[in-house]
Amino acid sequence: MKKLFSEIPNIKSKRLILRKIEETDADGLSELTHSPNVYRYLPTFLFEQKYEDVHYVIRRLYDECFKESIILGVFMENEFCGLAEIYGYRENTHKASIGCRFLERCLGKGIATEAVGALVRYLIQETDIETITASTMVINKRITRVTEKNDFHLVASGVDEDWGYPQPTSVNKWVWLL
């Protein structure tokens, strides 16, 4: 078993590759980070939005936040589709959280469901993670379906969290157990 954060994984599924983001992915990342329809369902403090210059984000991504978060590009047929993230690692409880965000033009194609499934398989089969959690905005019905399709169980609904907005964000809490 690999220790989480010992390497940047390269995860493959039927149609997707989840891999390290490179400078050549800057156009796709820029399209994603400038999509208000995508980021309205996400916390305001995500790393890729920390800096305006996406090239700078890519150069800093794996040395500035790697010990706290693994952010991978999601690709289908070498086309950038979005980001998948592993964060909130708790070594003593073998727990981690996951999240994802995708280009608007990639929604409704099963990419999110497949990417989340690939993350779960990687964490369970190749690391010592036993519990995976996710937090989703209550109003984001698409991601609710994605978590359900990947055998996550809703453990709390309508929990107020600080996602960086002026008011607390109402979220659903999900868990996947080994």
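Check the entry above for the structure.
All of these numbers come straight from a predicted model, not from anything done at the bench.

Basis of the calculations
Residues numbered from 1 in each chain as written. Predicted model: local features only at pLDDT ≥ 70, side-chain atom pairs only at ≥ 80, totals over all residues. Heavy atoms only, no water. Pairing = 2+ DSSP bridges. Helix = DSSP H or I, 4+ residues; strand = E, 2+ residues; numbered from the N terminus. Contact = heavy atoms within 4.5 Å. Axes fitted to C-alpha atoms, helices over the stretch in contact; angles between N-to-C directions. Buried < 20%, exposed > 50% of the residue type's maximum accessible area, 1.4 Å probe, protein only.

(A) A look at the sheet that holds strand 2 (residues 16–19). Read across the sheet, 8 strands follow the order 1-2-3-4-5-6-8-7 without closing on themselves; strand pairing throughout is mixed. Of all the strands in the sheet, just strand 1 (11–12) and strand 7 (153–161) have a single pairing partner and so form its edges. Relative to strand 3 (residues 69–76), strand 2 runs antiparallel, the two sharing 4 bridges. Across the sheet, residue Ile17 finds its bridge partner in strand 3, namely Phe75. Helix 5 (residues 141–149) contacts strand 5 (95–102), strand 6 (131–137) and strand 8 (169–177) of the sheet and is inclined by roughly 15° relative to strand 8.

(B) Fine view of unusual backbone geometry. In this model, Asn78 sits at a positive phi of 65°, which is unusual for a non-glycine residue. Mapped onto the elements, Asn78 comes out in the loop between strand 3 and strand 4 (79–90). The class for Asn78 is exposed, based on a relative accessible area of 73%. For His94, which is not glycine, the phi dihedral falls at a positive 55°. With respect to the helices and strands, His94 occurs in the loop between strand 4 and strand 5.

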